[in-house]
Amino acid sequence: MDERWDDLSTPDLSSRHDEAPWEELRAEDHREADGVRERPLDTPEPNDASELGVPIGSDSAGRRDRRRSRTCCGRRGRTAIDMALNWLARHQSPDGRWDADGFMNHGDPALGPLCDGPGDALHDVGLTGLALLNFLGAGETHRSGEYRDTVRRAQTWLLGQQDAEGCFGSRSTAQFTYDHAIAALALCEAYGLTKSPLLKDGATRGVRFCLASQNPGAAWRYGVADGESDTSVTGWMLMVFVSAEMAGIPVGEAPKRWALDWLEEMTDPGTGRTGYRERGGRPSRAESRRAAFPVAESEAPTAVALLSRVLGGQDPAKHRTLRSGAELLRAKLPRWNESEGSIDMYYWYYGTLAMYQVGGKHWDAWHRALEDAVVETQRGSRDEGEPDNFTGSWDPKGAWGENGGRVYSTAIMTLSLEVYYLYGKVFGAK
């Protein structure tokens, strides 16, 4: 890590809140250290591969080793990730969540002005899941790593938001399925990395709610089996299934087949473009953002479908529509140009995961563009002055910046840089 950021050390927040809600997870550390932690009899051992064809990810120590490696994502990428994790840790609420519209209150006035860029207050569950995924992706868990307390608090808060049916968070918002899916993904990842019995129930019930929300024979949208589907929510739900099966939580073949078949229906066989809700259509945009961030500047649904279908076992080398989809992404590489409306962090996240799986010239071109668009625009990346409250974050620009705010932009850009630590390549090195 760059020595300029040493002053922004990991904060010790243990004295800033009541420890009782997460005492069980703290106690688990000691039980494991003493060699007495028990594995539930019905917890399967890790498999060599998931039913979706995705190689099982390594344990948290393996992810941390890759994070430190000089060969994984280069010095610039590693420094950017470390800076971002530090920023997220410093802006976590004492209760464990990341507060979409109140995170700035946890900054340090001694470092200058507090951050701006609030998001929608109704999405704290989804933002907390997204931020937690950053730490898990870097190999940090509630048992080990310099951010173990950060992880523990986030997991405990999310578990406290789960209802009797397994849904994370309130269902009062129209898009609550996004928040649930991201939180469920984070809990599945956390359970898969640790096999903690204290996480298994929450992760399993979260997966069951995903299953209950799916439209039979199709996919997901905003309600519970409400008869409507869209590519965006479906992508998150399939990511939950991938992580669940990697962790040993069974999903079943039919739900995955339905979702993959629906994505194929949304894909134009001639162009390879996948639509949001119609075959070969364009991405979704809030009406107020369509002019500033034109849909023609993004291939987000195509990226979601490309990743999902590769994780589902479809080899781009054998599927012409997948190769065509990859070409569409290569023709629309990440560019941070607000005046032209090219900033779409959501697209860049899915595009990064998808192109990493495709590999070869597609990944080489994408990765070069991603570093220019993301690493160079991180706050503090080129500032030779003293670090401040913004250091390590990304400004909430782009098509969805106003919805998610600074926590969202920082978390999803960090996940894009962490691609090397996450899933293995389904079809080997390319």
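Residues numbered from 1 in each chain as written. Predicted model: local features only at pLDDT ≥ 70, side-chain atom pairs only at ≥ 80, totals over all residues. Heavy atoms only, no water.

## Describing the overall build of the protein chain
Thought 1: Within the protein chain one finds 14 helices and zero strands.
Thought 2: Taken from N to C terminus, the helices and strands of the protein chain fall in the order α-α-α-α-α-α-α-α-α-α-α-α-α-α.
Thought 3: Counting only residues that meet the buried cut, the protein chain has 60% of its 430 residues in that class.
Thought 4: The long-range fraction of contacts in the protein chain, counting pairs at least 24 apart against all pairs at least 6 apart in sequence, stands at 71%.
Thought 5: Roughly 16,400 Å² of accessible area belongs to the protein chain as shown, and the carbon and sulfur atoms make up 48% of that amount. (Helix = DSSP H or I, 4+ residues; strand = E, 2+ residues; numbered from the N terminus. Buried < 20%, exposed > 50% of the residue type's maximum accessible area, 1.4 Å probe, protein only. Contact = heavy atoms within 4.5 Å. Areas by Shrake-Rupley, 256 points an atom, 1.4 Å probe, with all protein chains shown as cover.)

## Brief notes about the nonpolar core
Thought 1: Counting 111 residues, the largest nonpolar core has Trp-236, Trp-348 and Tyr-350 as the members making the most contacts within it.
Thought 2: Broken down by element, the residue count for this core peaks at 12 residues, all from helix α6 (residues 176-194).
Thought 3: Residues contacting Tyr-350, with those up to four places away along its chain left out, are Gly-235, Trp-236, Met-239, Ala-303, Val-304 and Leu-307. (Core = buried A, V, L, I, M, F, W, Y, C linked by side-chain atoms within 4.5 Å.)

## A look at helix α3 (residues 74-90)
Thought 1: Here α3 contains 17 residues, and its C-alpha end-to-end distance of 25 Å stays within 8% of the 24 Å for a straight helix at 1.5 Å per residue.
Thought 2: In terms of burial, α3 is largely enclosed, as 14 of its 17 residues are buried. (Expected span 1.5 Å × (residues − 1).)

## Things to note about the packing of aromatic side chains
Thought 1: One pass over the full model with this rule turns up 14 aromatic pairs.
Thought 2: Ring geometry for Trp-220 against Phe-241: centres 5.6 Å apart, planes inclined by 70 degrees, an arrangement best described as edge-to-face. Highlighted residues: Trp-220 in the loop between α7 (197-213) and α8 (231-247) and Phe-241 in helix α8, separated in sequence by 21 residues.
Thought 3: Between Tyr-356 and Trp-363, the aromatic rings sit 5.3 Å apart at their centres with planes inclined by 75 degrees, giving edge-to-face as the arrangement.
Thought 4: Given the relative accessible area of 13%, Tyr-356 is considered buried.
Thought 5: Here the guanidinium or amino end of Arg-221 rests over the ring plane of Tyr-222, the centre of that ring lying 4.3 Å away. (Phe/Tyr/Trp six-rings, centres within 6.5 Å; stacked < 30°, edge-to-face > 60°. Lys NZ or Arg CZ within 6 Å of the ring centre and 35° of its normal.)

## Here we look at α8
Thought 1: Along its 17 residues, α8 runs 24 Å from first to last C-alpha, staying within 8% of the 24 Å computed at 1.5 Å per residue.
Thought 2: In terms of burial, α8 is largely enclosed, as 17 of its 17 residues are buried.
Thought 3: Where α8 starts, the residue carrying a side-chain oxygen 2.9 Å from the main-chain nitrogen of Ser-232 turns out to be Asp-230.
Thought 4: Remark: Gly-248 follows α8 within two positions and exhibits a positive phi of approximately 95 degrees. (Polar contact = N/O pair within 3.5 Å; in protein donor to acceptor, adjacent residues only side chain to side chain.)

## Some words on the state of the cysteines
Two cysteines whose sulfur atoms are joined by a covalent bond form what is called a disulfide.
Thought 1: Following the criterion strictly, the structure yields zero disulfides and no others.
Thought 2: Considering cysteine sulfurs only, Cys-188 is the nearest to Cys-210, which forms no disulfide, with 7.5 Å between them. (Disulfide = S-S within 2.5 Å.)

## Let's talk about unusual backbone geometry
Thought 1: Phi angles above zero are rare outside glycine, and Lys-195 is one such case at about 55 degrees.
Thought 2: Here Lys-195 lies in the loop between α6 and α7.
Thought 3: Looking at Lys-195, the relative accessible area reads 8%, which means it is buried.

## Let's talk about the environment of Ser-144
Thought 1: Tracing the backbone through its elements, the reader meets Ser-144 in the loop between α4 (124-137) and α5 (148-160).
Thought 2: Along the backbone, Ser-144 and Thr-194 are 50 residues apart, and their C-alpha atoms lie at a distance of 9.7 Å.

## Quick notes on the packing of α6 against α7
Thought 1: For the pair α6 and α7, the least separation of the axes is 9 Å and the interaxial angle reads 140 degrees. Here α6 lies oblique to α7, going by the angle between them. As α6 packs across α7, the resulting crossing turns out to be left-handed. Contacts between α6 and α7 involve Phe-176, His-180, Ala-184, Leu-187, Cys-188, Ala-190, Tyr-191 and Thr-194 from the first element and Leu-199, Lys-200, Ala-203, Gly-206, Val-207, Phe-209 and Cys-210 from the second.
Thought 2: For the contact of α6 with α7, the class distribution of residues is 11 nonpolar, three polar and one charged. (Axes fitted to C-alpha atoms, helices over the stretch in contact; angles between N-to-C directions. Parallel < 35°, antiparallel > 145°, perpendicular 65-115°, else oblique. Left-handed = near helix turned anticlockwise from the far one by under 90°. Nonpolar A, V, L, I, M, F, W, Y, C, P; charged D, E, K, R; others polar.)

## What about the environment of Met-345?
Thought 1: Of note, Met-345 is situated in helix α12 (residues 345-358).
Thought 2: Here the alpha-carbon distance between Met-345 and Ser-409, two residues 64 residues apart in the chain, equals 7.1 Å.
Thought 3: The residues contacting Met-345, other than those within four sequence positions of it, are Trp-336, Asp-395, Lys-397, Tyr-408, Ser-409, Ile-412 and Met-413.

## Observations regarding the pattern of salt bridges
Thought 1: What the rule picks out here adds up to 25 salt bridges.
Thought 2: In this structure, Arg-205 and Asp-201 form a salt bridge, with 3.1 Å as the shortest nitrogen-oxygen distance. One end of the pair is Arg-205 and the other is Asp-201, both in helix α7 and four residues apart, which spans about a single turn.
Thought 3: When its relative accessible area of 22% is taken as the criterion, Arg-205 is described as partly exposed.
Thought 4: By relative accessible area, which is 47% here, Asp-201 ends up partly exposed. (Salt bridge = Lys/Arg side-chain N within 4 Å of Asp/Glu carboxyl O.)

## Considering the confidence of the model for the protein chain
Thought 1: In the predicted model, the protein chain carries a mean pLDDT of 85, and 82% of its residues have values of at least 70.
Thought 2: Of all the helices and strands in the protein chain, helix α1 (residues 23-33) carries the lowest mean pLDDT, 50, while α5 carries the highest, 98.
Thought 3: In the model, residues 29-51 has pLDDT below 50 throughout and makes 39 contacts with residues more than four positions away in sequence or in other chains. (pLDDT = per-residue confidence, 0-100.)

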